[in-house]
Amino acid sequence: MSSETIPVLIIGAGPTGLNLANLLLQYKIPFRLIEQKDAAITTSNALAVQSRSLEMWQQMGVVEKALAAGKKILGLALHSGTKKIGEISFKQVNLPTQFPFILGLPQADSEHLLSEHLLSQGGKIERGSTLIDFTQTDQTVIAEIQTATGQKEKIACDWLIAADGSHSVVRKKLNLAFEGDTIPEKFIMADMAINANFNPEYFHAFSSPLGPLVFAPMPKFTRIIAPVTHDQGIKDFTQPTLADFEYIIANRSPAGVKIDSVVWMSHFVTHHRMINNYCHGRVIFAGDSAHIHSPVGGQGMNTGMQDTFNLAWKLAAVIQKKSTPRLLASYNTERHAVAKKVLAGTTKMTEIVTLKNAFLIALRNTVMSLLFKISLVQKKIIMNISELGISYDPNEIIFPSAGQRALHPELFQDTKHTLVLFTGGSAFEKNAKDIIRLAQSVMHQYADYFTVLIISESDKHFPNLNVQVDPDYQLHDSYNMQNGGMCIVRPDQYIGMLQAAITQANVVEYLQRLKC
Ligand SMILES: Cc1cc2nc3c(=O)[nH]c(=O)nc-3n(C[C@H](O)[C@H](O)[C@H](O)COP(=O)(O)OP(=O)(O)OC[C@H]3O[C@@H](n4cnc5c(N)ncnc54)[C@H](O)[C@@H]3O)c2cc1C
């Protein structure tokens, strides 16, 4: 057995494990990342990186490369035959983010990006190493690994992270139920270069009595997805052919779509399942090992990566002894609730898009065409898909009226919490002294936990302090802080506390809960 106990052992270098590894590097937490496959994947499951993931990647320092590699999808359009049922332009919806689009990027490219970043920062992926078994006590986990050379190695770690995907060995060893169902729908998909006379920057879904057909723009080609369970024209969905796609396109979308070349063809079935608790002693689940669902809506990979955004800072706080392990309970509370909603939403969406009954299809199309005209509905749909709309309910570490995603997350690029102090407009004179006193005190006493950011009309009253100038009070308005106040933004860019009163007592109370 390796003599040393490492803080974290991550099982699986899919998007979840890779994302977590990159985050832990930012926190300077030692870890090992093992992956059973000898080489990185080259095929593409997930095609969509959502706005919220891009915000996270901005903090991790990989967003520029992702944007350079990907294709911006600027809207979505629903059609029935040659008739457009509805359309949403992400620009018109005015998404509150620097990334108001879906980034089309094959999963292999996302993983490549995360791997390269990890390696460039001194991280390592132990390829060809497989977790065989493990045991845990209150103090430690002992994992048994088979390495690339066939040797057995025992690794002692404080925390074992199961990022080992939907067939999770860790989950099976713990005998945990993966509750849910297989969705009775079979899909074929392909990446193809096509010639079509619709907007190449939009995601297009065509409704037809045989089932829908989806075209999603990717960097060099178009992803085509179609459920085929009830389509007699498809002989064997497990071995889709070019002729199958020509048939599907001819029968489900308007004339004019031509296939130029084929990159890759595949098939899939989907499930919706999840575990009851993400934390089992010193073993923690993230990504597909904890929740799987239909790819409709493009949420799986994004949800898994967001699990790690929530987990990384908590794990780091526990390992660095800033908090007790009790903090990790909030990881389960927050992320389990999110997965539950995602599962319900994607299951419903799959049912709706794969309707077979002609009457119900017509009804759905009419309802959709009406709903898609309402800007509030448009925004709600896109806020959900982009994952910008996700918030956490108040809990052991989130104070009442907090839990929302922090607006302007580009201001919160630090891996510590940010204490944000709003001077207020009319209340400026009243607040200025309190703000300076509190900022200096927090920087002096709690520098391990917080950076301080003052938001003010001007920086001239706050020499040597970190000020975001807000000349027209837009930031104040977006946080509803016209009269001043404070909020605490967590490292994962969610608000932990929001208060109108600027007092040190608020900070102390927050810290008490955080330290558990
Ligand atoms: C057709 C399709 C389309 C999709 N489209 C989207 C989309 O557009 N957007 C989206 O967000 N999601 C999408 N998804 C879902 C997405 O692919 C998954 O959610 C994502 O891959 C989950 O990442 P993960 O890292 O949790 O698990 P995985 O990607 O499964 O990675 C787990 C890793 O663990 C390794 N491993 C397993 N067991 C061991 C072991 N014992 N020891 C060592 N290593 C081990 C595996 O080799 C693997 O590399 C789609 C899925 C499908 C099937």
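Residues numbered from 1 in each chain as written. Predicted model: local features only at pLDDT ≥ 70, side-chain atom pairs only at ≥ 80, totals over all residues. Heavy atoms only, no water.

Our next topic: the site of the ligand. The full set close to the ligand counts 30 residues, and Thr16, Glu35, Gln107, Asp288 and Met301 are the nearest of them. At a separation of 2.7 Å, an oxygen atom of the ligand approaches a polar side-chain atom of Gln107. Met301 has a polar backbone atom sitting 2.7 Å from an oxygen atom of the ligand. Burial of the ligand by the protein chains amounts to 88% of its free accessible area of 1000 Å². Of the residues in the shell around the ligand, the class split is twelve nonpolar, 14 polar and four charged. (Near = heavy atom within 4 Å. Polar contact = N/O pair within 3.5 Å; in protein donor to acceptor, adjacent residues only side chain to side chain. Areas by Shrake-Rupley, 256 points an atom, 1.4 Å probe, with all protein chains shown as cover. Nonpolar A, V, L, I, M, F, W, Y, C, P; charged D, E, K, R; others polar.)

Along its sequence, the chain is carved into domain 1 (6-68 + 105-178 + 275-354), domain 2 (181-271) and domain 3 (409-515). One C-alpha centre belongs to domain 2, the other to domain 3, and the line joining them spans 50 Å. (Domains from an automatic or database assignment.)

With that out of the way, let us pick up the environment of Asp231. Structurally, Asp231 can be placed in the loop between strand S15 (222-227) and helix H7 (242-252). With 124 residues separating them in the primary sequence, Asp231 and Leu355 have C-alpha atoms 13 Å apart. Beyond its immediate sequence surroundings of up to four residues, Asp231 is in contact with Leu210, Tyr247, Ile248 and Arg252. Separated by 2.5 Å, the side chains of Asp231 and Tyr247 make a polar contact. (Helix = DSSP H or I, 4+ residues; strand = E, 2+ residues; numbered from the N terminus. Contact = heavy atoms within 4.5 Å.)

Per the stated rule, a full pass over the model turns up twelve salt bridges. Among the ionic pairs, Asp231 bridges to Arg252, the shortest N-O distance being 2.9 Å. Of this pair, Asp231 sits in the loop between S15 and H7 while Arg252 sits in helix H7, and the two are 21 residues apart along the sequence. Just as Asp231 is buried, Arg252 falls in that class too. (Salt bridge = Lys/Arg side-chain N within 4 Å of Asp/Glu carboxyl O. Buried < 20%, exposed > 50% of the residue type's maximum accessible area, 1.4 Å probe, protein only.)

A few words now on H7. An α-helical turn contains 3.6 residues, so a residue and the one three or four places further along point in the same direction. Every buried residue of H7 is listed here: Asp244, Phe245, Ile248, Ile249 and Arg252. Mapping the buried residues of H7 onto a view down its axis gives an arc of 130°, with all of them on the same face. On its buried face, H7 is in contact with strand S12 (179-195), strand S13 (202-207), strand S14 (213-217), S15 and strand S16 (258-274). (Arc of directions from axis to C-beta.)

So, about the side chain of His204. Note that His204 resides in strand S13. A distance of 2.8 Å separates the side chain of His204 from the backbone oxygen of Asn199, its partner in a polar contact. Residues contacting His204, with those up to four places away along its chain left out, are Ala77, His79, Phe198, Asn199, Leu213, Val214 and Phe215.

Moving on, we come to the packing of aromatic side chains. Applying the stated criterion to the full structure yields ten aromatic pairs. Look at Phe428 and Phe462: their rings are 6.2 Å apart centre to centre, the planes differ by 80°, and that puts the pair in the edge-to-face class. Separated by 34 residues along the polypeptide, Phe428 in helix H12 (residues 428-445) and Phe462 in the loop between strand S21 (450-456) and strand S22 (467-469) bring together distant segments of the chain. Here Phe428 and Phe462 have matching classes, each one buried. Three or more aromatic residues joined by ring pairs form one cluster here, namely Phe198, Phe206 and Phe215. Lys186 extends its terminal NZ or CZ atom over the ring of Phe237, reaching a point 5.9 Å from the ring centre. (Phe/Tyr/Trp six-rings, centres within 6.5 Å; stacked < 30°, edge-to-face > 60°. Lys NZ or Arg CZ within 6 Å of the ring centre and 35° of its normal.)

We now examine the packing of helix H2 (residues 51-60) against helix H8 (residues 300-319). Following both chains from N to C, one finds H2 and H8 inclined at 40°, their axes separated by 10 Å at the closest point. Overall, the two elements H2 and H8 adopt an arrangement that is oblique. The element H2 and its partner H8 pack so that their crossing is left-handed. Within the contact between the two elements, H2 uses Arg52, Ser53, Met56, Trp57 and Gln59 and H8 uses Asn302, Met305, Gln306 and Phe309. Each residue belonging to the contact of H2 with H8 can be placed in one class, and the counts come to four nonpolar, four polar and one charged. (Axes fitted to C-alpha atoms, helices over the stretch in contact; angles between N-to-C directions. Parallel < 35°, antiparallel > 145°, perpendicular 65-115°, else oblique. Left-handed = near helix turned anticlockwise from the far one by under 90°.)

The next point concerns the sheet that holds strand S19 (residues 291-292). With mixed pairing, the eight strands of this open sheet are ordered in space as S6-S5-S13-S14-S15-S12-S16-S19. The sheet is open, and its two edges are formed by strand S6 (83-89) and S19, each paired on a single side. Sheet analysis places S16 next to S19, joined by two bridges and oriented antiparallel. Counted as the bridge partner of Arg273 is Ile292 from S19. Helix H11 (residues 375-385) rests against strand S5 (75-80) and S6 of the sheet, and its axis sits at about 65° to S6. (Pairing = 2+ DSSP bridges.)

For the rest of this paragraph, the subject is the packing of helix H1 (residues 15-26) against H2. One way to put it is that H1 packs onto H2 with a least axis distance of 10 Å and a crossing angle of 40°. Classified by the interaxial angle, the pair formed by H1 and H2 is oblique. Along this stretch, H1 crosses H2, giving a crossing that reads as left-handed. On H2, the residues that touch Asn19, Asn22, Leu23 and Gln26 of H1 are Met56, Trp57, Gln59 and Met60. Tallied by class, residues from the contact of H1 with H2 come to four nonpolar, four polar and no charged.

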